[in-house]
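# Analysis of the macromolecular model
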Amino acid sequence: MTRRPLLALALLAAGCPAPAPPPVPPLPVVIARPPVPDAAPPDAAPLADETPPKLRLPKTFVPTLYSAALTIDPGQPTFSGTIAINGRLTERTQIIWLHGRHMQVEAATVGGTTKLAVTPRGDDLLELRAEAPLDPGAIVIDLEYTGEVDRVNTDGLFEETAGGAPYVYTQHEAIYARRTFPCVDEPDSKVPWQLSLDIPDKLAAVSNTPIASELPDDHGRKRVTFAQTKPLPAYLVAFGVGPFEFVDAGKTKSGIPVRIITLAGRAAEAAYAAKVTPHIVDLLEDWFGMPYPFEKVDLLTIPVTAGFGAMENAGLVTVTASYLLLDPKHASWSARASLATGIAHELAHHWFGDYVTMAWWDDIWLNEGFANWMETKIVAKLEPAWHAELGVLDMRDTALQSDALVSARRVRQPIESVDDIYNVFDGITYDKGASVLAMFERAVGPAVFQRGVRQYLAAHAYGNATSSDFVAAISAAAGRDLAPQFASFLDQPGAPELAMHVTCAGAPRVAIEQHRYVPAGSPAPAAGQPWQLPVCVAYEQGGKRAETCATVERDRSELVLPGKTCPRWLMPNADARGYYHVALDADQVTALRDEAWPLLTWTERRALVFDIAAAALQAKLPLQLALSLVPKLLAGGDRFAIHDAVHLMRALDADVPDELRAKYEAAMRATFGPGAAKVGLAAKPGDDLDAETAREELVGAAAWSGREPDLVKQAVELADHWRDLPEAERDGVLAIAADADAAVFDHLLQDARSERDHHVLRAMFRALGSVRDPARQARALALLLDPAVDLRESVRVLDAASTDATRAAASRFVRDHDAELLRRMPSESADRLAAVVAATCDARQRDDLAAYLAKRFTALPGGRRAVAESVETMDQCIARRAAVEPELRAWLGGFRLPRPGKDKHR
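These numbers come from a predicted model, not from an experiment.

Looking now at the sheet that holds strand β13 (residues 211–216). Sheet strands pair via backbone hydrogen bonds, and the direction of the pair is either parallel or antiparallel. Spatial ordering of the open sheet is given by β4-β7-β6-β5-β8-β3-β2-β11-β14-β13, a layout of ten strands whose pairing is mixed. Only two strands of the sheet have a single partner each, and these edge strands are β4 (93–99) and β13. Strand-to-strand twist across the sheet, computed as the mean angle between neighbouring axes with direction ignored, equals 20°. As judged from the five bridges shared by β13 and strand β14 (residues 221–226), these two strands associate in the antiparallel manner. Note on β14: the bridge partner recorded for isoleucine 211 is phenylalanine 226.

Moving on: the sheet that holds strand β25 (residues 533–541). With antiparallel pairing, three strands are arranged side by side in an open sheet as β26-β25-β28. Here the strands that pair on one side only, and so sit at the sheet edges, are β26 (544–552) and β28 (570–571). Here β25 runs beside β26; their pairing, made up of nine bridges, is antiparallel. Bridging from a neighbouring strand, leucine 533 pairs with valine 552 of β26. Running over the sheet, helix α7 (residues 427–444) touches β25 and β26 and is turned about 65° from β25.

This part covers the packing of aromatic side chains. For the structure shown, the criterion picks out 33 aromatic pairs. Where tyrosine 355 meets tyrosine 462, the ring centres are 4.7 Å apart and the plane angle is 80°; that geometry is what we call edge-to-face. One end of the pair, tyrosine 355, is in the loop between α3 (333–348) and β21 (357–358); the other, tyrosine 462, is in the loop between α8 (446–459) and β22 (464–465), with 107 residues separating them in the sequence. Classification of tyrosine 355 as buried rests on a relative accessible area of 9%. Measuring from ring centre to ring centre gives 5.4 Å for tyrosine 456 and phenylalanine 470, while their planes differ by 90°; the resulting arrangement is edge-to-face. With tyrosine 456 in helix α8 and phenylalanine 470 in helix α9 (residues 467–478), the pair connects residues that are 14 residues apart, well separated along the chain.

Okay, unusual backbone geometry next. With glycine set apart, most residues show a phi of negative sign, and most peptide bonds adopt trans. Along the chain, glutamate 173 connects to alanine 174 via a cis peptide bond; the corresponding omega equals 10°. Looking at the secondary structure, you find alanine 174 in the loop between β10 (165–171) and β11 (193–200). Located in the positive-phi region is tyrosine 462, a residue other than glycine, with phi close to 55°.

This part is about the pattern of salt bridges. Summed over the entire model, instances satisfying the criterion amount to 60 salt bridges. For aspartate 188, the salt bridge is made with lysine 59, and the minimal N-O distance between the two is 3.1 Å. In this pair, aspartate 188 is assigned in the loop between β10 and β11 and lysine 59 in the loop between β1 (2–3) and β2 (61–71), connecting sequence segments 129 residues apart. Residue classification places aspartate 188 among the partly exposed residues on the basis of a relative accessible area of 28%.

Mean pLDDT for the protein: 92, with 94% of residues reaching 70 or above. Below pLDDT 50 for its whole length, residues 4–42 participates in 95 contacts with residues either more than four positions away or in separate chains.

About the thresholds
Residues numbered from 1 in each chain as written. Predicted model: local features only at pLDDT ≥ 70, side-chain atom pairs only at ≥ 80, totals over all residues. Heavy atoms only, no water. Pairing = 2+ DSSP bridges. Helix = DSSP H or I, 4+ residues; strand = E, 2+ residues; numbered from the N terminus. Axes fitted to C-alpha atoms, helices over the stretch in contact; angles between N-to-C directions. Contact = heavy atoms within 4.5 Å. Phe/Tyr/Trp six-rings, centres within 6.5 Å; stacked < 30°, edge-to-face > 60°. Buried < 20%, exposed > 50% of the residue type's maximum accessible area, 1.4 Å probe, protein only. Salt bridge = Lys/Arg side-chain N within 4 Å of Asp/Glu carboxyl O. pLDDT = per-residue confidence, 0-100.

In structure tokens, the structure reads:
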């Protein structure tokens, strides 16, 4: 599954639903039914425990096949279904437990004759009680039921409207299949599914497998029956119903058919997805050394999603429209790169997640971390000019930032409650999982790592596996036991920080100390074990670069460097694949900047800047020493280096005192104005991904953060015809112009109420929410309370707040309207709103906000961890501001404002 940034919100459908049509009798589903054993005599084996399960279902009943027939009419508030569950009883029992949520079971039998009394227990359980005890053996459970079509969440079975037409979709990860089917909704219950859908005859239906038959009835409906699936857990079963359009994308080299399934009237926007998807499958087959393991590849468009961007359902990947459907003439390079990356991620899951599935949610990193790791490999081969492999460092840095919280999860977090399942889809799972894999791939070598992955897949084909199984396969391929090293990263939270110092009394040696990285403001972490990590260092030897590697296993270690001369510099993380922070002193930074820089790769340079910037923001290094690296980054010229240069200086924005704001803006103009003036606001015909992204970064730094007058004026002029601008220009122009010109803001605010293009809406809401005028921001925030505006889109106004004043206003808005917002948003929403409330560095508000968060959000799904992480992030921000403000004053106090008319960059 591809995450969306935080959990998106859903809008409650207005008005009353139309009356449901008369029920249509479902066509019969023929199931082979084994005989039901007679009731056991009184002296038979004791009955299974009847205590309702708290988290996992007992293995008393083990499904072997599901056969479901659902009657679905988009636009109606409910659906009906029958399901036959073949399985076996492992012990004598009178009760069978299934998952089921928000459904009414009208009839239930075993073997078609023995009735079962069905009683809901709690939110997610169905108790099926037989009239008499059932003995172990094969059985078939038949259920007739009705369920709800969700119009708030994009979970379970839900409805959305596009172009005036209703569509029905499913999203079953993580524990939402129970909203569509009575079932065992756990990942290790992995069996074939046989699905039929009774739908209006003018609509189309799609699912995991190809259509086996379509049969009309006499009521203007048809039954669409799909081929039986390979073994799948319930969370990967999917379908959609609506007036779809189908774009044939041809076949892969191995003959797998590929289609893009779009909303009505939007087939032309699927051209890029149709172009790249077959090639992505080919590249994945090459890497895994085996064919695509399912019958087809369909990409299905969903108008809007909340909490996810795409989902890897076997054979039927669902993708939100703003990712999948691109303007065939004006799509930006970044939109194309994002789509290719997302498709590679979801299709990688078809091997890692669908073909071999984790046994339980504590190992979800095996799915998501691996897919994140694989996506960059595939896109790097698909479009070499994009250099997607350099993005691995961004994943690592993002993960290290998530891991900087003492409240951060472990990668392999024990799942002790449903809340723990909601919490696992985060940066620790995705980015830290990917980064740990990248580190161990470098340690054992890419060919060895690939061989281990292939052996793992072969050993667990169409089944389930654990982290231990995966690590055992990599260890076998490497010829050494890697389990302790993996465990030190998977089974404890946080990340190590390594301090390294060279001593040259005798042979050159590197003294290495490790401890958990914790920024100021966080509580002291619990004691943990030393990380066992592969460490590679680069160093100077005879004026050239040398490298050596070792495994660091203790709090204090020593690494002997080959050679006899004392190196003038040391790079503590060669290739920047090591998942750790580096603690550097000023002398080490100076040597790396002045002597080592030409001998370092750009990835190593950027990794150094990440650690140096983090240290400077905590006043552990001089701020001006960190800022001296900005020109060196800008000289790199690619989108990655330019981004890091801009980010280093923009990270200071929130901490600049009001009286120094003018000097900070002048410093931004002086640093980034020349580059912004050179690239300009307008896209050029020969632009590639680097040029497009560099323009966005440089113009944003100079015109938004620095308020460069000429660029701001150009943005306001371009905003007169912003709908004609290419996507790559449009977003930046709108943000700059809406902030600078009240008339542009007013037009955007008015148009946002009727805009239906999701690409455009994202840009409009970001521009409206980022204005620095609190009065304008208040008008934009009012959109969140307008029932005519989709809250899943307008919530971006909250996230876009850009100053202390507007972040405080967004926080107050949530607190003033929390009841209404929570009523209209998905149930697992605590993390997004908690982050908005806590987005402050003001120590005076800290205690009140922490108390409010604990009271309002702790009881929500996933809320306890969301509150803990939001409060700790606020505490770190307060500590960082206090530490860096003297450094900021020293830097900006010595900065001379240019005289009027001299601050131009043409």
